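Spelled out from the first residue to the last, the chains are:
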Amino acid sequence: MLSANEIVQLQDLLTQSWHAVEIQPFHFHVAGPNRAWLKRVAIQHRANFDLWHIEDEARRPGVSDKQLAEVKRRIDQTNQLRNDQAERLDQYLLKWLEPKDLPRHSAPLHSESPGLMIDRLSILTLKIYHTREEATRSDATSEH
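Residues numbered from 1 in each chain as written. Predicted model: local features only at pLDDT ≥ 70, side-chain atom pairs only at ≥ 80, totals over all residues. Heavy atoms only, no water.

## Regarding the nonpolar core
Inference 1: Of all hydrophobic cores here, the largest spans 14 residues; its most connected members are Ile7, Leu10, Trp37, Val41 and Ile118.
Inference 2: When residues of this core are assigned to their parent elements, the largest contribution, five residues, is made by helix α2 (residues 35–58). (Core = buried A, V, L, I, M, F, W, Y, C linked by side-chain atoms within 4.5 Å. Buried < 20%, exposed > 50% of the residue type's maximum accessible area, 1.4 Å probe, protein only. Helix = DSSP H or I, 4+ residues; strand = E, 2+ residues; numbered from the N terminus.)

Structure representation (structure tokens):
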């Protein structure tokens with residue numbers, strides 16, 4: 001169920017796909033036993049994708065105070081959705097682990113929750129995509 005490679009591949013594929021169309025509908029198709037899990041990963045990634053682009057709106061030159069306030073509200077709403085989706089990933093994973101008597105309550109915690117780790121992978125995927133996009137644009141200088 002929890003394959004980092006599968007998660008990153010999905011996030012990369014969705015990032016490419018959503019950038020390829022002007023209106024980015026939420027769509028994806030994945031088959032197999034991990035479909036329900038990966039759908040949740042995709043929903044969480046979409047929140048980050050949307051948040052990234054809404055934040056770009058706030059940085060546009062010439063944005064008015066009124067527009068900035070509206071964008072800020074959308075940022076707050078989308079960020080809350082992002083956090084909610086990370087928590088849902090954790091809930092789904094815990095439900096999946098429960099019949100296996102996992103996680104062990106006596107086990108020490110050494111990291112963030114899986115939902116937050118997936119969130120970090122999502123953000124990293126978006127950073128890589130946008131950094132590559134900026135570095136390879138035709139008007140980028142060699143210093144860029």
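## Brief notes about α2
Since the α-helix advances by 3.6 residues per turn, residues separated by three or four positions end up pointing in the same direction.
Inference 1: The end-to-end C-alpha distance of α2, which contains 24 residues, comes to 35 Å, matching closely the 34 Å that a straight helix rising 1.5 Å per residue would cover.
Inference 2: Every buried residue belonging to α2 is among Trp37, Leu38, Val41, Ala42, Gln44, His45, Arg46, Ala47, Asn48, Phe49, Leu51 and Ile54, and all of these are buried.
Inference 3: Where α2 is buried, its residues contact α1 (4–20), α3 (65–97) and α4 (114–135). (Expected span 1.5 Å × (residues − 1). Contact = heavy atoms within 4.5 Å.)

## Topic: unusual backbone geometry
Inference 1: Of the consecutive residues leucine 102 and proline 103, the connecting peptide bond is found in the cis state with omega at -5°.
Inference 2: Of note in the backbone geometry, aspartate 101 takes a positive phi value of approximately 55° without being a glycine.
Inference 3: For aspartate 101, the position within the fold is in the loop between α3 and α4.

## Overview of α1
Inference 1: Helix length check: α1, at 17 residues, gives a terminal C-alpha distance of 24 Å against a target of 24 Å (1.5 Å per residue), a fit within 8%.
Inference 2: Considered for burial, the residues of α1 that qualify are Ile7, Leu10, Gln11, Leu14, Thr15 and Trp18. Along the axis of α1, the buried residues cluster in a sector spanning 130°; they form a single face. With respect to the buried face of α1, the exposed residues turned more than 90 degrees away are Asn5, Gln9, Leu13 and Ala20.
Inference 3: Looking at the buried positions of α1, the neighbouring elements they touch are α2 and α4. (Arc of directions from axis to C-beta.)

## Notes on the environment of glutamine 91
Inference 1: When you line up the elements, glutamine 91 lands in helix α3.
Inference 2: Note: C-alpha distance between glutamine 91 and proline 114 (23 residues apart in sequence) is 9.9 Å.

## Describing the packing of α2 against α3
Inference 1: Where α2 meets α3, the axes come as close as 9 Å, and the angle between the chain directions of the two elements is 160°. Classified by the angle between their axes, α2 and α3 sit roughly antiparallel to one another. Between α2 and α3 lies a crossing whose hand is left-handed.
Inference 2: Residues of the contact of α2 with α3, tallied by class, amount to 16 nonpolar, five polar and six charged. (Axes fitted to C-alpha atoms, helices over the stretch in contact; angles between N-to-C directions. Parallel < 35°, antiparallel > 145°, perpendicular 65-115°, else oblique. Left-handed = near helix turned anticlockwise from the far one by under 90°. Nonpolar A, V, L, I, M, F, W, Y, C, P; charged D, E, K, R; others polar.)

## Remarks on the packing of α1 against α2
Inference 1: Two elements in contact, α1 and α2, have axes whose closest approach is 10 Å; the angle formed by their N-to-C orientations is 45°. Put simply, α1 runs oblique to α2. In this structure, the crossing between α1 and α2 has a hand that is right-handed. Across from Glu6, Ile7, Leu10, Gln11, Leu14, Thr15, Trp18 and His19 in α1, the residues of α2 making contact are Trp37, Leu38, Val41, Ala42, His45, Arg46, Phe49 and His53.
Inference 2: Of the residues assigned to the contact of α1 with α2, the class counts are nine nonpolar, five polar and two charged.

Honestly, it's all geometry; don't read function into it.
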